[in-house]
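Residue-level structure breakdown
One-letter residues, chain by chain:
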Amino acid sequence: MDLQDLYRDVIVDHNRNPRNFGRIDPADAHAEGFNPLCGDHLQLWAKLDGDRIADVQFEGKGCAISVASASLMTETLKGRSLTEVHDYFKQIHALLTTDDYKPTLPLGKLAALSGVREFPSRVKCASLCWHTLMAALDRQNKPVSTE
Ligand code: FES
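These figures come from a predicted structure and were not determined experimentally. (Residues numbered from 1 in each chain as written. Predicted model: local features only at pLDDT ≥ 70, side-chain atom pairs only at ≥ 80, totals over all residues. Heavy atoms only, no water.)

1. Let's talk about the nonpolar core
In terms of nonpolar packing, the biggest core is built from 42 residues, with Ile 65, Ile 92, Leu 110, Leu 113, Val 116, Trp 130 and Leu 133 touching the most fellow members. Of all the elements in the fold, those that place two or more residues in this core are helix H1 (3–16), strand E1 (29–35), strand E2 (40–49), strand E3 (52–61), helix H2 (64–77), helix H3 (82–97) and helix H4 (123–137). Once residues lying within four places of it in the same chain are set aside, the contact partners of Ile 92 are Leu 107, Leu 110, Leu 113 and Trp 130. (Core = buried A, V, L, I, M, F, W, Y, C linked by side-chain atoms within 4.5 Å. Buried < 20%, exposed > 50% of the residue type's maximum accessible area, 1.4 Å probe, protein only. Helix = DSSP H or I, 4+ residues; strand = E, 2+ residues; numbered from the N terminus. Contact = heavy atoms within 4.5 Å.)

2. Topic: the pairing of E1
A one-sided burial pattern is seen for E1, the buried positions being Ala 29, Ala 31, Gly 33 and Asn 35 and the unburied ones His 30, Glu 32 and Phe 34. As paired elements, E1 and E2 share seven bridges and run antiparallel to each other. Residue Phe 34 lies in a different strand from E2, and its bridge partner there is His 41. Hairpin connection between E1 and E2: a loop of four residues separates the two successive antiparallel strands, and Gly 39 in this loop has a positive phi of roughly 90 degrees. Bridge count between E1 and strand E4 (residues 144–145): two bridges; the pairing is parallel. The residue bridging Phe 34 from the neighbouring strand is Ser 145, located in E4. (Pairing = 2+ DSSP bridges.)

3. What about the environment of Ala 31?
The residue Ala 31 is located in strand E1 in this model. Residues Ala 31 and Glu 118 lie 87 residues apart in sequence; the distance between their C-alpha atoms is 29 Å. Apart from the residues lying within four places of it in its own chain, the contact partners of Ala 31 are Leu 42, Gln 43, Leu 44, Thr 132, Ala 135 and Ala 136.

4. Comments concerning the pattern of salt bridges
Here the structure, examined in full by the defined rule, presents nine salt bridges. Of the charged contacts in the structure, one is a salt bridge between Arg 19 and Asp 13, with a shortest N-O distance of 2.8 Å. The exposure class of Asp 13 is partly exposed, given its relative accessible area of 28%. Across the salt bridge formed by Glu 147 and Lys 124, the nearest N and O atoms sit 3.0 Å from each other. (Salt bridge = Lys/Arg side-chain N within 4 Å of Asp/Glu carboxyl O.)

5. Overview of H4
Taking 1.5 Å per residue, 15 residues should reach 21 Å; H4 reaches 22 Å between its end C-alpha atoms and fits that length. Along its length, H4 reaches its greatest deviation from straightness, about 25 degrees, at Cys 129. Of all 15 residues in H4, 13 are buried, a share of seventy percent or more. Trailing H4 by a residue or two, Arg 139 shows a phi angle of about 60 degrees, which is positive. (Expected span 1.5 Å × (residues − 1). Bend = angle between axes of the 7 residues up to and from the residue.)

6. Overview of the confidence of the model for the chain
Taken over all residues, the pLDDT of the chain has a mean of 92, while the share at 70 or more is 98%. Mean pLDDT across the elements of the chain bottoms out in H1 (87) and peaks in E3 (97). (pLDDT = per-residue confidence, 0-100.)

7. Concerning the pairing of E3
Consecutive side chains of a regular strand alternate in pointing toward one face of the sheet and then the other. Summarising the sheet, E2 and E3 pair through nine bridges and their orientation is antiparallel. When the bridges of E3 are listed, Trp 45 appears paired with Gln 57. Counted between consecutive antiparallel strands, the loop separating E2 from E3 contains two residues, among which Gly 50 sits at a positive phi close to 65 degrees.

Printed below as a string of structure tokens:
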């Protein structure tokens, strides 16, 4: 399967069937993210177990790429340490913005997000959930905006 097929199949699957769609109450961390240009909005909750993400869930309304990216992110990061979460954040940021980037972590289905590089205007769609998660873990009390 080439990258374009992977991109299409994974984005369609995770948009139609988002994993970890829901709330955690009570949660240890929570943040909201907006893309003011399109009006898309997501909320994200995390439950921590020491320095690990025991659970992470999201809700919101967004384009196929933003929903699929949040779904893929939550699926990948559940059970990971906070150090691993920060490493994934850096790798995904580079994957979305750098041509021919060779990740050093096993990305699994997250690799499909590299297809977003073909559409620079959609990079913010794919990165919104990641910035929102970082804000939640940093206990920032203001919503994240893509602008
Ligand atoms: Fe709104 Fe993608 S078009 S986040």
